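The chain contents come next:
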Amino acid sequence: SGGLGSAREDIEQRPELLAHGPSAALYALVDRVVDGYQPVVTELASDVEEVEGAVFAGDRANPVERIYKLRREVLEFHRAIAPLSDVLENLQTEPLVADPIRDYLRDVADHAARVNEHLEGARELLTSILHANLTQVSVRQNEDMRKISAWVAILAVPTMIAGIYGMNFRHMPELQWRYGYPAVLLVILVACSVLYTRFRRSGWL
């Protein structure tokens, strides 16, 4: 947030707060700390939107590492500010805190609560994004396996026929037939075309 040095300058420009002594300085410091959280929350929200867009972009990118890093950042941020809510509640009932300052501290507590709510929402959204990404990865893997299986089935036809005629048996009548070779090639072409068409219609290719 750029440090707390300017908090003194801000409080010195408000004589009505300075009249309350240390309570005013406490409010100025806590307010500056909480205000410094907002830019971080804004940047985190922007990063979450970018990751969400990358997951649903339709390409084959897999931003799972970035999702985990963002979740870790959100958790660390949440652990840093979660205790502040209890501290601010206790300060509002602290006898040493001047009564007018308690109203200001209540406003700071509301800001901290909103930051905490944003972080909770970001964490839940990242969890949903992670599940959606893992689902898409699984779907893409299934699609790849179906394509591989379809091409293996198509290529199995010429492989099987070539294997049969590659055994060099002596009594194979079609070897003496004039149109045997073109006929075998035609059978291979027709069988592969039929399989390709069927797989194409079923969405495997």
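Residues numbered from 1 in each chain as written. Predicted model: local features only at pLDDT ≥ 70, side-chain atom pairs only at ≥ 80, totals over all residues. Heavy atoms only, no water.

Asks: How would you explain the overall build of the chain if you had to name every residue and give the values?
Replies: Counting its regular elements, the chain contains seven helices and zero strands. Element order for the chain, N to C, with α for helix and β for strand: α-α-α-α-α-α-α. For 205 residues, the compact-globule estimate of 2.2 N^0.38 gives 17 Å, and the C-alpha radius of gyration of the chain, at 35 Å, exceeds that figure by more than 25%. Taken along the three principal axes of its C-alpha coordinates, the chain extends 115 × 25 × 25 Å. Counting all 205 residues of the chain, 28% fall into the buried class. A separation threshold of at least 6 residues defines the contact pool for the chain, and within that pool the share at least 24 residues apart is 72%. Surface summary for the chain: the accessible area is close to 13600 Å², and the carbon and sulfur share equals 58%. Computing the positive centroid from 21 side-chain charges and the negative centroid from 28, the chain places the two 19 Å apart. (Helix = DSSP H or I, 4+ residues; strand = E, 2+ residues; numbered from the N terminus. Rg over C-alpha atoms; globule rule 2.2 N^0.38 Å. Buried < 20%, exposed > 50% of the residue type's maximum accessible area, 1.4 Å probe, protein only. Contact = heavy atoms within 4.5 Å. Areas by Shrake-Rupley, 256 points an atom, 1.4 Å probe, with all protein chains shown as cover. Lys, Arg positive; Asp, Glu negative; His and termini not counted. Charge placed at Lys NZ, Arg CZ, Asp CG, Glu CD.)

Asks: Describe the nonpolar core, naming the residues involved and giving the relevant values.
Replies: Judged by nonpolar contacts, the single largest core of 34 residues is most densely connected at Ile67, Phe77, Leu88, Ile101, Leu105, Val115 and Leu119. Within the residue set of this core, elements represented by two or more residues are helix H3 (22-35), helix H4 (37-55), helix H5 (64-92) and helix H6 (99-165). At eleven residues, H6 tops the list of elements feeding residues into this core. Setting aside residues up to four positions removed in sequence, Ile67 forms contacts with Val51, Val55, Leu126, Ile129, Leu130 and Asn133. Core analysis: the next-biggest nonpolar cluster, separate from the first, contains eight residues, Ile154, Val157, Ile161 and Cys192 among them. (Core = buried A, V, L, I, M, F, W, Y, C linked by side-chain atoms within 4.5 Å.)

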